[in-house]
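Chains, contacts and geometry: an overview
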Amino acid sequence: MTNRKRSLFILMGVMLAIISSCTNWENDQKAGGENLKLNKVSDEKPLNVIYILSDDHRYDFMGFTGKVPFLETPNMDKMALEGAHIENAFVTTSLCSPSRASILTGQFSHHHQVVDNQSLIADSVKFFPQYLQAAGYETAFMGKWHMGEHHADPRKGFDHWFSLKGQGTYYNPVININGEEKQFGDSTYITDLLTEEALDWLGQRDGEKPFFLYLSHKGVHADFKPAPRHKGVYADGAPSYPPTMYPEKNPDYNYKDVPDWVKNQRHSWHGVDYMYHGQINFDEFYQLYNETLLSVDESIGKVIDYIEETGQLDNTVIFYMGDNGFSFGEHGLIDKRQAYEESIRVPLLVYGSKEVLKRNKVKQMIQNIDIGPTILEMAGLEKPDNMDGESFLSILKGEDPQDWRERIYYEYYWERPFPQTPTTYAVRTGQYKFIRYHGIWDINELYDIQNDPWEMNNLIRDPEYKELSKELRQDLFQWLQETNGMQIPLKTDGNGARFDHKYRGTF
C-alpha cells in the first residue's frame, strides 16, 4: 500500500469514528448523557405505570385494616380488595430522603449514600425512570423530591417536572414547573394541585408511547394540615393508645430491657412527653394526621377513575406506597427512624391490569428497593446490575419464587439534627427481629414478632434465645460485609446551631 493510500485509509477511519462518536453522543444525550439502554426480557407490550407515593403513612392506617375504627379510605380499600395488598412491605431506611433514593435507585442507603435528609445524591447515580426514558417511555414527576438538594429544579429521568422545594407547604405552594417557579395562591391545597397536574399531564401526553407517572405527595408529613373540606371531620375520633405508650400502666411490658435511648427520647421532639417541643398534644396530632390522609385517598381515587374512564386499565398498573412508616406512641415515640414495626413497615397496594395482578394478598417480604426492578420488568427491561432489589412481578402474577428472600435488612445512620436516635441496624425474618445499635452504650433488642407484635418483651437476655441472637447478629454483619456496607458514611454537620432542646443554640 502506498503512503498516499495509507493516509487516505487512515483519514477515512478517523472520519467514520467521528461520525460514530457523534451518533452515539446524540443517542446518549437523549437518555441524559449516558448510555441507558437495557436488554429486553419480554416482547410483550410495555405497561403504563403510575407510582403514587405518600409521606409518613404507616402500614396499618387504612380503612380496610380496621386499625383506626373511624378512618375511611375507600380508594385505598378498593386497591386492596380489587388489586393486590402487599401485607409485608418494608423500607430499608425509615427516613424520607434515604427511602426515596432507594426507591429511585433500587439500592441500599450505604450504596447510594443518601443517608440523611441533608445528603446530596451523586450525579453518577442512575434513577430507574432514566432507563424508561431511554426505552421510549414518556415520564413525569409531580410533587415532593426531597433528596438533599435544597432546590426544586428538574432532575434527570423526567420529561415533565412539577415539584416543590424541600418539604414544601400544604397551602399556596411555590412550584417549579420545568425549570420555572410559579407561586400558587387563593388557598391552593398541595394534594389537590398535584392531582390536578397529574390528570392534566395524563390527558395531554403523546398517546402513542407508554408512560410512567411518579405522583409524590407531601401528605401526610408533619405538621399535618388537612384540606379545608376535611378539617374537623374526625374531631370526635378517639385515638388508640398502644400498650407500650405508658409503661407504668402495662405490667406485661418488659420496660427494664427497653434501651435507655428510647426511654430518654420520650422527652424530646420525637417523644410523647414533649412532642414537637410542646407545640401540640397527642390527641390533636392523631386527629390531624388522619384528616390530612383523606385528601391523599381522594387523589388515588381520581387517578384510578381517570384510567378506568379512559379505557386504559388493561394496560396500566397503579402503585400506592408510603415512603416510611410512623409511630404513634409505641415505646413512647412518635415519627420514624427506629427499627420498630410501625416505623419500617409501609402500605403498598397495586391495582390495574387483570392480566398482571393474579394475587389479592401478597405475604412475601417486599422492600422499597424492589420498586425499580419491578417497574422495569413491567416495561420489558432487565434489572441493572447495580440494583440491590428484585422484581416481584412474578409474585403479583401469582407465582411463588422459591429463591425469594426470607429476611429483610434495615439501616439508619445517626443524624445531627435529631441526635436522640442512634445508628441502627436490624435483620427481620418472618418471626424474629434483631436490632443492633452502634456507637452507644446500650442494650440491643430481639423480638418474636409473631407472638409479640407490639414488641413488648425484649428477649435479648433470655438464655433460650442466645444462639438465635448470635446467629442473627452474624447474619447482619455478613450482609453488611457482602454488600460493602461496613463503613458508616460521615456527612458534614452543616453551619447551623444545634436543634435538640437539651443543647439548643450551641455548636
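A short tour of the structure in this document, coming up. (Residues numbered from 1 in each chain as written. Predicted model: local features only at pLDDT ≥ 70, side-chain atom pairs only at ≥ 80, totals over all residues. Heavy atoms only, no water.)

**Digging into the overall build of the protein**
Within the protein, the secondary structure is distributed over 12 helices and 16 strands. On C-alpha atoms alone, the protein measures out to a radius of gyration of 24 Å, which is about the 23 Å that the 2.2 N^0.38 rule sets for 507 residues. Taken along its principal axes, the extent of the C-alpha atoms in the protein is 95 × 50 × 50 Å. Counting all 507 residues of the protein, 58% fall into the buried class. Taking contacts inside the protein between residues at least 6 apart in sequence as the whole, the part at least 24 apart equals 67%. With the model as given, the accessible surface of the protein reaches about 22100 Å², and the carbon-plus-sulfur share is 49%. Each charge sign in the protein was given a centre, from 52 positive and 74 negative side chains, and these centres are 5 Å apart. (Helix = DSSP H or I, 4+ residues; strand = E, 2+ residues; numbered from the N terminus. Rg over C-alpha atoms; globule rule 2.2 N^0.38 Å. Buried < 20%, exposed > 50% of the residue type's maximum accessible area, 1.4 Å probe, protein only. Contact = heavy atoms within 4.5 Å. Areas by Shrake-Rupley, 256 points an atom, 1.4 Å probe, with all protein chains shown as cover. Lys, Arg positive; Asp, Glu negative; His and termini not counted. Charge placed at Lys NZ, Arg CZ, Asp CG, Glu CD.)

**Here's the deal with helix α6 (residues 190-204)**
One turn of an α-helix holds 3.6 residues; hence residues three or four places apart share an orientation. If you check α6, its first and last C-alpha atoms are 21 Å apart, about what 15 residues at 1.5 Å a residue would give, namely 21 Å. Residues Ile190, Thr191, Asp192, Leu193, Leu194, Thr195, Glu197, Ala198, Trp201 and Leu202 constitute the buried set of α6. For α6, the secondary structure elements touched by its buried residues are β1 (48-54), β3 (138-144), β4 (160-164), β5 (174-177), β7 (211-216) and α8 (282-309). (Expected span 1.5 Å × (residues − 1).)

**Brief notes about the pairing of strand β14 (residues 423-429)**
Counting buried residues along β14, seven of its seven residues qualify, which places the element largely inside the surrounding structure. Of the two faces of β14, the one holding Thr423, Tyr425, Val427 and Thr429 and the one holding Thr424, Ala426 and Arg428 are both buried throughout. Here strand β13 (residues 407-412) runs beside β14; their pairing, made up of six bridges, is antiparallel. Each bridged residue has a counterpart across the sheet, and for Tyr409 the counterpart in β14 is Val427. (Pairing = 2+ DSSP bridges.)

**What to know about the environment of Leu213**
Within the secondary structure, Leu213 sits in strand β7. Taking the C-alpha atoms as reference points, Leu213 and Val49, separated by 164 residues in sequence, lie 6.5 Å from one another. Filtering out sequence-adjacent residues up to four positions away, Leu213 remains in contact with Val49, Ile50, Tyr51, Ala140, Met142, Ala198, Trp201 and Leu202.

**Describing the sheet that holds strand β11 (residues 348-352)**
Backbone-to-backbone hydrogen bonds join strands into a sheet, with any given pair of strands oriented parallel or antiparallel. Taken together, 10 strands build an open sheet; the order of strands is β6-β5-β4-β3-β7-β1-β8-β11-β2-β12 and the sheet is mixed. In this open sheet, the two strands that pair with only one neighbour each are β6 (180-183) and β12 (361-367). Neighbour-to-neighbour, the strand axes of this sheet turn through a mean angle of 20°, independent of strand direction. Examined bridge by bridge, β1 and β7 share five bridges and lie parallel to one another. Its bridge partner being in β7, Ile50 is matched across the sheet by Leu213. Running at roughly 170° to β1, helix α3 (residues 96-105) makes contact with β1, β3 and β7 of the sheet. (Axes fitted to C-alpha atoms, helices over the stretch in contact; angles between N-to-C directions.)

**Some points on the sheet that holds β13**
Across the sheet, four strands lie side by side as β13-β14-β15-β16; this open sheet has antiparallel pairing. Sheet topology places β13 and β16 (445-448) at the edges, where each strand pairs with a single neighbour. Between one strand axis and the next, the sheet turns by 10° as a mean value, whatever way the strands run.

**Section: α3**
α3 sits mainly inside the fold: 10 of its 10 residues count as buried. Lining the buried residues of α3 we find β1, α4 (109-112), α5 (128-134), β3, β7 and α10 (371-378).

**Section: the pattern of salt bridges**
Under the defined criterion, the tally for this structure stands at 27 salt bridges. Ionic pairing is found between Asp223 and Lys225, a salt bridge with its closest N-O pair at 3.9 Å. Measuring nitrogen to oxygen at the nearest pair gives 3.1 Å for the salt bridge that ties Arg407 to Asp475. With Arg407 in strand β13 and Asp475 in helix α12 (residues 466-482), the pair connects residues that are 68 residues apart, well separated along the chain. (Salt bridge = Lys/Arg side-chain N within 4 Å of Asp/Glu carboxyl O.)

**A look at the packing of aromatic side chains**
Within this structure, the stated rule accounts for 44 aromatic pairs. With 6.5 Å between their ring centres and 70° between their planes, Phe158 and Tyr214 make a pair best called edge-to-face. Placement of the pair is Phe158 in the loop between β3 and β4 and Tyr214 in strand β7, with a sequence separation of 56 residues. Per residue, the accessibility class of Phe158 equals that of Tyr214, and both read buried. Ring centres 5.4 Å apart and planes at 55° place the aromatic pair Tyr253 and Tyr255 in the tilted group. A cation over a ring is seen here: Lys218 above Tyr170, with NZ or CZ 4.7 Å from the ring centre. Here Arg345 stacks its cationic end above the ring of Tyr59, 4.1 Å away from the centre of that ring. (Phe/Tyr/Trp six-rings, centres within 6.5 Å; stacked < 30°, edge-to-face > 60°. Lys NZ or Arg CZ within 6 Å of the ring centre and 35° of its normal.)

**Description of the packing of α6 against α8**
Helix-helix packing is described using two parameters, namely the angle between the two axes and the distance between the axes. Look at α6 against α8: their axes get within 9 Å of each other, and the N-to-C directions meet at 10°. By the angle between their axes, α6 is roughly parallel relative to α8. Only Ser295, Val296, Ser299, Lys302, Val303 and Tyr306 of α8 make contact with α6, whose side of the interface consists of Thr191, Thr195, Leu199, Leu202 and Gly203. For the contact of α6 with α8, the class distribution of residues is five nonpolar, five polar and one charged. (Parallel < 35°, antiparallel > 145°, perpendicular 65-115°, else oblique. Nonpolar A, V, L, I, M, F, W, Y, C, P; charged D, E, K, R; others polar.)

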